[in-house]
Amino acid sequence: MIKISVAEEIWSEIIICHTEYVKTIVNNRLEKVVDVQGLKSKWEQSKYVNAIELIKKLFGDEKEKRNLNLTKFCISEDLEGIIEEFDRIYKGFYKENITEDEKITLEGTKEIFKYVMGYESFNEGTNKLKSSDNFRWSRHDFINKLNIKVCPYCNRNYITSYISSKEDILIGKQRKKTTADADHYYCKDSYPILAINIYNLIPSCGVCNSKMKGNKVKDKAGCHLYPYKDDSDALYFSTPFNDIGELYNFKETEIKIGLNIKPNNNFNTKNKIIKWVAQSREIFKVKGVYKIHMNVKQYNNYIEKNKIIKRALQSKKIFKLEEVYQIHNDIVFDIKEKIKNYGHGDEKYKKEFIENYKGLFSSYEEFENYSFDFLGKDPNKNPLAKLKQDIYKQIIESN
Ligand SMILES: [Zn+2]
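Residues numbered from 1 in each chain as written. Predicted model: local features only at pLDDT ≥ 70, side-chain atom pairs only at ≥ 80, totals over all residues. Heavy atoms only, no water.

Participant: Give me the lowdown on the overall build of the chain, citing residues and values where you can.
Facilitator: In terms of regular secondary structure, the chain is built from 19 helices and 6 strands. Counting across all 399 residues of the chain, residues that qualify as buried make up 45%. For the chain, restricting intrachain contacts to residue pairs at least 6 apart in sequence, the fraction spanning at least 24 positions comes to 72%. Carbon and sulfur atoms make up 50% of the accessible area of the chain, which amounts to about 22,400 Å² in all. (Helix = DSSP H or I, 4+ residues; strand = E, 2+ residues; numbered from the N terminus. Buried < 20%, exposed > 50% of the residue type's maximum accessible area, 1.4 Å probe, protein only. Contact = heavy atoms within 4.5 Å. Areas by Shrake-Rupley, 256 points an atom, 1.4 Å probe, with all protein chains shown as cover.)

Participant: Quick rundown of helix α18 (residues 364–371)? Include the residues and the values.
Facilitator: Because an α-helix packs 3.6 residues into every turn, residues spaced three or four apart end up facing the same way. Taken as a whole, α18 has its buried residues at Y364, F367, E368 and S371. Angular distribution of buried residues about the axis of α18 spans 100°; they occupy a single face of the element. Looking at α18, the residues exposed on the side facing more than 90 degrees away from the buried face are N369 and Y370. In this fold, the buried residues of α18 make contact with α16 (329–342), α17 (347–356) and α19 (385–398). (Arc of directions from axis to C-beta.)

Participant: Could you give an account of the coordination of the zinc ion, naming the residues involved and the relevant values?
Facilitator: Summarising the metal site, the zinc ion is bound by the protein donors C151 (SG), C154 (SG), C205 (SG) and C208 (SG), whose distances to it range over 2.3 Å. Bound by 4 donor atoms, the zinc ion shows angles of 106 to 114° at the metal and therefore tetrahedral coordination geometry. Site description for the zinc ion: donor spacing in sequence, C-x2-C-x50-C-x2-C. Like C205, the residue C208 is buried in the burial classification. (Donors = N, O, S within 2.8 Å, 3.2 Å for Na, K, Ca; no water. Tetrahedral: all angles 85-135°; square planar, octahedral: opposite > 155°, others 65-115°.)

Participant: Provide a residue-level description of the nonpolar core, including the pertinent values.
Facilitator: Ranked by size, the top nonpolar core spans 98 residues in total, and within it F59, M117, F142, I193 and I198 carry the most contacts. With 11 residues, the top contributor of residues to this core is helix α1 (residues 8–34). Structurally, this core is a two-domain feature, drawing no fewer than three residues from each of domain 1 (8–222) and domain 2 (232–398). Setting aside chain neighbours within four positions, we find F59 in contact with L30, K65, R66, N69, L70, F73, F113, M117 and I193. One finds F353, F361, Y364 and F367 within the second-largest nonpolar core, a separate group that totals 5 residues. (Core = buried A, V, L, I, M, F, W, Y, C linked by side-chain atoms within 4.5 Å. Domains from an automatic or database assignment.)

Participant: Residue-level account of the packing of α1 against helix α5 (residues 100–117), with values.
Facilitator: Two packed helices can be described by the angle between their axes and the distance between those axes. At a minimum axis distance of 8 Å, the contact between α1 and α5 shows a crossing angle of 145°. Listed contacts from α5 to V26, R29, L30, K32 and V33 of α1 are I112, Y115, V116 and M117. Grouping the amino acids of the contact of α1 with α5 by side-chain chemistry returns 7 nonpolar, no polar and 2 charged. (Axes fitted to C-alpha atoms, helices over the stretch in contact; angles between N-to-C directions. Nonpolar A, V, L, I, M, F, W, Y, C, P; charged D, E, K, R; others polar.)

Participant: Give me the lowdown on helix α9 (residues 206–213), citing residues and values where you can.
Facilitator: When we look at burial in α9, the residues that qualify are C208, N209, M212 and K213. All buried residues of α9 project into a common sector of 125° when viewed along the axis, lining one side. Count one or two residues on from α9 and you reach G214, which has phi positive near 50°.

Participant: Mind laying out the side chain of H328, listing which residues take part and the relevant values?
Facilitator: With respect to the helices and strands, H328 occurs in the loop between α15 (321–325) and α16. On the accessibility criterion, H328 (11% relative accessible area) is buried. The contacts of H328, once residues within four sequence positions are left out, are R156, I257, L384 and L387.

Participant: Which residues make up a negative patch on the surface, and what values do they have?
Facilitator: On the surface, a cluster of negative charge is contributed by E53, D61, E62 and E64. Turning to its location among the elements, E64 is positioned in helix α3 (residues 63–75). (Patch = residues over 30% accessible without salt bridge, like charges linked within 9 Å, V, L, I, M, F, W, Y side chains within 5 Å. Salt bridge = Lys/Arg side-chain N within 4 Å of Asp/Glu carboxyl O. Lys, Arg positive; Asp, Glu negative; His and termini not counted. Charge placed at Lys NZ, Arg CZ, Asp CG, Glu CD.)

Participant: Could you give me a rundown of the packing of aromatic side chains, with the residues and numbers involved?
Facilitator: For any pair of aromatic rings, geometry is given as the distance between the ring centres together with the angle between the planes. Considering all chains together, one arrives at 24 aromatic pairs under this definition. On the basis of an interplanar angle of 45° and a centroid distance of 6.4 Å, the ring pair of W11 and F142 is categorised as tilted. Taken as a pair, W11 in helix α1 and F142 in helix α7 (residues 139–146) lie far apart in primary sequence, 131 residues in all. W11 gets classed as buried once you look at its relative accessible area, which sits at 14%. (Phe/Tyr/Trp six-rings, centres within 6.5 Å; stacked < 30°, edge-to-face > 60°.)

Participant: How would you summarise the pattern of salt bridges if you had to cite specific residues and measurements?
Facilitator: Tallied over the full model, the rule gives 15 salt bridges. For the salt bridge of K47 with E107, the shortest nitrogen-to-oxygen distance reads 3.3 Å. Linking K47 in the loop between α1 and α2 (49–59) with E107 in helix α5, this pair joins segments that are 60 residues apart in sequence. Residue K47 is classed as partly exposed on the basis of its relative accessible area of 23%. Taken together, the salt bridges that share partners define one network made up of K47, E107 and E111.

Participant: Summarise unusual backbone geometry; cite the residues concerned and give the values.
Facilitator: Phi at N147 takes a positive value of approximately 55°, unusual for a residue other than glycine. Mapping N147 onto the fold places it in the loop between α7 and β1 (161–163). For L384, which is not glycine, the phi dihedral falls at a positive 65°. Mapped onto the elements, L384 comes out in the loop between α18 and α19.

Participant: I'd like to hear about the packing of α16 against α19, residue by residue, with values.
Facilitator: The geometry of α16 relative to α19 is characterised by a closest axis approach of 10 Å and an angle of 40° between their N-to-C directions. Here α16 is positioned oblique relative to α19, judged by the angle of their axes. Taken as a pair, α16 and α19 cross one another with a handedness that is right-handed. Residue-level contacts link I331, V332, I335, K336 and I339 of α16 to L387, K388, I391, Y392, I395 and I396 of α19. Of the residues in the contact of α16 with α19, the class split is 9 nonpolar, no polar and 2 charged. (Parallel < 35°, antiparallel > 145°, perpendicular 65-115°, else oblique. Left-handed = near helix turned anticlockwise from the far one by under 90°.)

Below is the structure:
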């Protein structure tokens, strides 16, 4: 997984666009559902009565409050906080045995959320904002603004966009297309409140989003690494060779690419008491006891690191990363061969090298930049950059 790095100004622009979209389009739909007095709308039907009451409970009784809450649910980055608010009102419906009346209310609720959030039209880009004809906002525009070119989940597939030709536009076809999916980090069926929350939408390739993930992750316990926050090094590649002799001698066919989880085992085995106390605190809420062994900051760090380990394991499993990377053993072999043959000699070697290749390279560094052109490259824009950089690092560090 690669962390999506986006400049703060870009996020601000995204939030401005998304807020306008929510206020203009989504809010109207919410009001249409809630304000049914005197209207001959479908929402008047008895199956929606209870569902609408619950919607009012969640969003508020008055129009202004609803507008504020709706905007918050679509642009706040506190996704877990939103889920908590949602669960307070809706959790009852997600239990296994529900009454007939609850079933009807649940069905109505799902239809209302689908209509109000309108993810499909955001996804397709079919909405036009009346306030300004030039302003368009859709999944495609959002992903374009993020300006990442490679899927953050696999770092293998490009996610690109193209602009339709003038001829296409003249005959009314859509202007732009993109090959990127927007994955719902928290599943929109389980948490429809987050269906168009901008921080819940992760640009990704079709393989990761549809073929690998699909509907596998239904609740938050099964979540994988979160590319807007988690570190790219939460998972890192290596070849399972320990010393430089082994590293230099392996054959291409022997290469296995391993995907490892950080922080490593040291952390888990370091202090069993800390682990025990942390767990007891979590289970029994024993305030104070943990202070004997660690302070609050250490405790929070411990819990956070454990959550990341869990998410990293899930990423590995859901996107089958280790499996799909095995076909790239030729790349690992190539990097190893280059380092073995030319890489990182001493100063004398470097001088001799330049003497021999005079005219081709003006300095040894120029040769290195040419041979290992993946160093310093942004993995958000270069497929397989993470694999190449990690393997290079492993070999150089064992040197
Ligand atoms: Zn992918």
